[in-house]
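# Remarks on the overall topology
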Amino acid sequence: MNHYGVKAIYFYELARAWRTLMQSIASPVLSTSLYFIVFGSAIGSRIVEIDGISYGAFIVPGLLMLSILTESTSNASFGIYMPKFTGTIYEVLSAPVSGVEIVLGYVGAAATKSVILGLIILITARVFVDYSIMHPIWMLMFLVLTAITFSLLGFLIGLWANSFEQLQIIPMMVITPLTFLGGTFYSINMLPELWQKITLLNPVVYLVSGFRWSFYGSADVHVGISLGMIALFMAICLGLITWIFKTGYKLKP
Amino acid sequence: MPDILTLEGVEKTYDTGFTALTDINLSIRQGEIFALLGPNGAGKTTLIGIVCGIVKATGGRIIADSLDIHKDFRQARKQIGLVPQELSVNIFESVWDTVRFSRGLFGCPADDAYLEQLLKTLSLWDKKDSRIMALSGGMKRRVLIAKALAHQPNILFLDEPTAGVDVELRRDMWAMIRRLREEGVTIILTTHYIEEAEDMADRIGVINKGKLMLVEEKHALMRELGRKSLTVFLSEPLTTLPPNLIRDDLQLAEDGNSLIYSYSTAEASSGVSELLAQLQNAGIDYQDLQTRQSSLEEIFVSLVEEKP
């Protein structure tokens, strides 16, 4: 294991986040705060409790998940796409680092940033709404696993993308809609029966549900299924990344 | 000198079906400066890319410092440094951060004393905290060299190191390359500049259309390649050459206003003074003279035409 190499990529990526502090941390914190103000404090105060939880507190896990998913994906995709775009990828490809080590460096850094961001948002949320965390260890585990899984997805998107448009299209056209429709702002039990069944095809439902369980002990789907879905999604991403490094697809001509 | 890098039957055919390299067999000797010459699209960068692990070969074997570059990729790649042709560097980073990153990436523990020395050698020390975007093109190229040397490789690839670099900096670069050689680094460079190869290389390889045409000691090759042309601008245009001036190495320009004489710099006599005397004897007056070294690309074209 080239641990110096992994460390170099990891800290290089964290330094990039530090250089772009406004985009990396301040911007998502601000936009999530706006959600809390509008949906949590302003509108939320006129909405009845869901499963015995005030609406403002109910949306905390979902909004946190929304930020984690979008930021993990965009951070990791940008992290690997930029070297491809500017040509600096030559150095990583010519270095004595294996595919696993490259992934550890880039995805590890993107996931770290997301977890830090998630914790900052969690603290910020406290300013606007009162919430509690019933299973803090599980909460942290869901946070870390989701950050890693979606950083892996972002890394895949960054490897695959040939343009900035392609880089944006999956986060914008797939992840954001799936998150909004995945129970961020509501319990899926509030939907008509048919839509409840259709919604179960949305993988984000399992993430939000499991995460919300770690806060309040109630979930739309069983927590075991949520964990299983994260594991499955992570396995798919890892499988695809392994294939890319093995074949050199879009990396080595 | 023993061989430090050996390429055996290296081939590259892209997915599009384009064959970039055909059966490349080449041995680089330890401590030499080897210049790989070839026109654009000849396969130079592809060849370097394959050795450095950026491009996948479709056939053949490469041994670097007794290590197979696939089976022992970790150890083999530690021996190799690459300065790419493009100025590919993160412009938002500082010089110091980028060289430290390169050293770590290649699996070496931090050694700030070595990196300080390296930056001083490349006249970059006073710029160490500058963002790369603030540096001139020549300095950026030196940063790339510093990055390639950050892990103290034994073999250094320089892909067109002096492309777009002014004369003074080019000379500095040559001096630096010689210093590296004195320190025991084997250097493989690609170039378009014949004087660069002439000035620095111990051996020269000529590549064209993905085939290694020849590999020779520089002095032997220069005799073959070193041709110049002399243009004589006539005071009065000629319609034809006088019979005593008709020869293979002398052409009358289409407009009749100039004569073009080509000659080899390697010959004992260029024949220029004899030609001028002949013109005077024939009563042909001229107003100006211009000599020009044939470009490497022109030479290659003639080389390739001769050896299909």
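Residues numbered from 1 in each chain as written. Chains lettered and ligands numbered in written order. Predicted model: local features only at pLDDT ≥ 70, side-chain atom pairs only at ≥ 80, totals over all residues. Heavy atoms only, no water.

## Structural notes on the overall build of chain A
Across its full length, chain A holds 10 helices and zero strands. Each helix and strand of chain A, placed in order from N terminus to C terminus, yields the pattern α-α-α-α-α-α-α-α-α-α. A compact globule built from 253 residues should have a C-alpha radius of gyration of about 18 Å, and chain A, at 19 Å, falls within 12% of that. Taking the principal axes of its C-alpha atoms as reference, chain A extends roughly 60 × 35 × 35 Å. Buried residues in chain A amount to 52% of all 253 residues. Taking the intrachain contacts of chain A between residues at least 6 apart in sequence as the baseline, contacts between residues at least 24 apart amount to 80%. (Helix = DSSP H or I, 4+ residues; strand = E, 2+ residues; numbered from the N terminus. Rg over C-alpha atoms; globule rule 2.2 N^0.38 Å. Buried < 20%, exposed > 50% of the residue type's maximum accessible area, 1.4 Å probe, protein only. Contact = heavy atoms within 4.5 Å.)

## Describing the interface of chain A and chain B
Taken together, the contact between chain A and chain B spans 25 residues of the former and 29 residues of the latter. Surface buried jointly by chain A and chain B totals about 2,400 Å² across both partners, of which 60% is contributed by carbon and sulfur atoms. In this structure, the salt-bridge partner of Arg74 of chain B is Glu101 of chain A, at a minimum N-O distance of 2.8 Å. At the junction of chain A and chain B, the tally comes to 10 residue pairs in polar contact (both at pLDDT 80 or more). (Buried area = accessible area lost by both parts, 1.4 Å probe. Salt bridge = Lys/Arg side-chain N within 4 Å of Asp/Glu carboxyl O. Polar contact = N/O pair within 3.5 Å; in protein donor to acceptor, adjacent residues only side chain to side chain.)

## A short note on the domain arrangement of chain B
For chain B, the domain assignment lists domain 1 (3-224) and domain 2 (226-306). For domain 1 of chain B versus domain 2 of chain B, the distance between C-alpha centres works out to 38 Å. (Domains from an automatic or database assignment.)

## Details of the nonpolar core
Residue and element names in this part refer to chain B. Counting residues in each nonpolar core, the largest one holds 144 residues, and the members touching the most others are Leu5 and Phe157. Among residues more than four places away in sequence, those in contact with Phe157 are Leu5, Ile48, Val51, Cys52, Ile80, Gly81, Leu82, Val83 and Ile188. The next biggest cluster of nonpolar side chains, apart from the first, holds 14 residues, and it includes Leu230, Leu250, Tyr263 and Leu279. (Core = buried A, V, L, I, M, F, W, Y, C linked by side-chain atoms within 4.5 Å.)

## A look at the sheet that holds strand β14 (residues 286-293) of chain B
Residue and element names in this part refer to chain B. In space, the four strands of this open sheet follow the order β12-β13-β11-β14, with antiparallel pairing throughout. Where the open sheet ends on each side, the last strands, each with one partner, are β12 (250-252) and β14. Each adjacent strand pair in this sheet contributes to an overall mean axis angle of 20°, direction not counted. Bridge count for β12 against strand β13 (residues 258-264) is three bridges, and the pairing is antiparallel. Note on β13: the bridge partner recorded for Gln251 is Ile260. Strands β11 (227-234), β12, β13 and β14 of the sheet are contacted by helix α9 (residues 272-281), whose axis makes an angle of about 155° with β13. (Pairing = 2+ DSSP bridges. Axes fitted to C-alpha atoms, helices over the stretch in contact; angles between N-to-C directions.)

## Quick notes on the pairing of strand β8 (residues 186-191) of chain B
All names here are of chain B. Counting buried residues along β8, six of its six residues qualify, which places the element largely inside the surrounding structure. What you see with β8 is no split at all: Thr186, Ile188 and Thr190 on one side and Ile187, Leu189 and Thr191 on the other are buried throughout. Direction of pairing for strand β3 (residues 33-37) relative to β8: parallel, over a ladder of five bridges. Along β8, the bridge assignment pairs Leu36 with Thr190. Summarising the sheet, strand β7 (residues 155-159) and β8 pair through five bridges and their orientation is parallel. By the bridge assignment, Phe157 is partnered in β8 with Ile188. For the segment spanning β7, helix α6 (residues 167-182) and β8, crossover handedness is right-handed. (Right-handed = clockwise from strand over helix to strand, strands pointing away.)

## Description of the pattern of salt bridges
All names here are of chain B. Going through the model one piece at a time under the given rule, you end up with 16 salt bridges over all chains. Across the salt bridge formed by Lys44 and Glu160, the nearest N and O atoms sit 4.0 Å from each other. Taken together, the residues span a long stretch of sequence, with Lys44 in helix α1 (residues 44-52) and Glu160 in the loop between β7 and α6 at a distance of 116 residues.

## Here we look at the packing of helix α1 (residues 3-19) of chain A against helix α5 (residues 99-128) of chain A
All names here are of chain A. Taken N-terminus to C-terminus, the directions of α1 and α5 make an angle of 30°; their axes are 8 Å apart at the nearest point. In terms of orientation, α1 and α5 fall into the roughly parallel class. Here α1 and α5 pass one another in a crossing that is right-handed. Contacts between α1 and α5 pair Val6, Ile9, Tyr10, Glu13, Leu14, Arg16 and Ala17 from the former with Glu101, Ile102, Leu104, Gly105, Tyr106, Gly108, Ala109, Thr112 and Lys113 from the latter. When the residues that make up the contact of α1 with α5 are grouped by side-chain class, the tally is nine nonpolar, three polar and four charged. (Parallel < 35°, antiparallel > 145°, perpendicular 65-115°, else oblique. Left-handed = near helix turned anticlockwise from the far one by under 90°. Nonpolar A, V, L, I, M, F, W, Y, C, P; charged D, E, K, R; others polar.)

## Quick word on the pairing of strand β2 (residues 19-29) of chain B
Two strands pair when backbone bridges link them, and strand β1 (residues 3-13) of chain B and β2 of chain B are joined in this way by seven bridges, in the antiparallel orientation. Across the sheet, Thr13 of chain B pairs through a bridge with Thr19 of chain B, a residue of β2 of chain B.

## Digging into helix α7 (residues 164-180) of chain A
Residues and elements named next belong to chain A. Taking 1.5 Å of rise per residue, the 17 residues of α7 would be expected to cover 24 Å, and the 24 Å separating its terminal C-alpha atoms lies within 8% of that figure. Those residues of α7 lying buried are Leu167, Pro171, Ile175 and Thr179. Buried positions along α7 lie against α3 (55-86), α6 (136-160) and α9 (203-216). (Expected span 1.5 Å × (residues − 1).)

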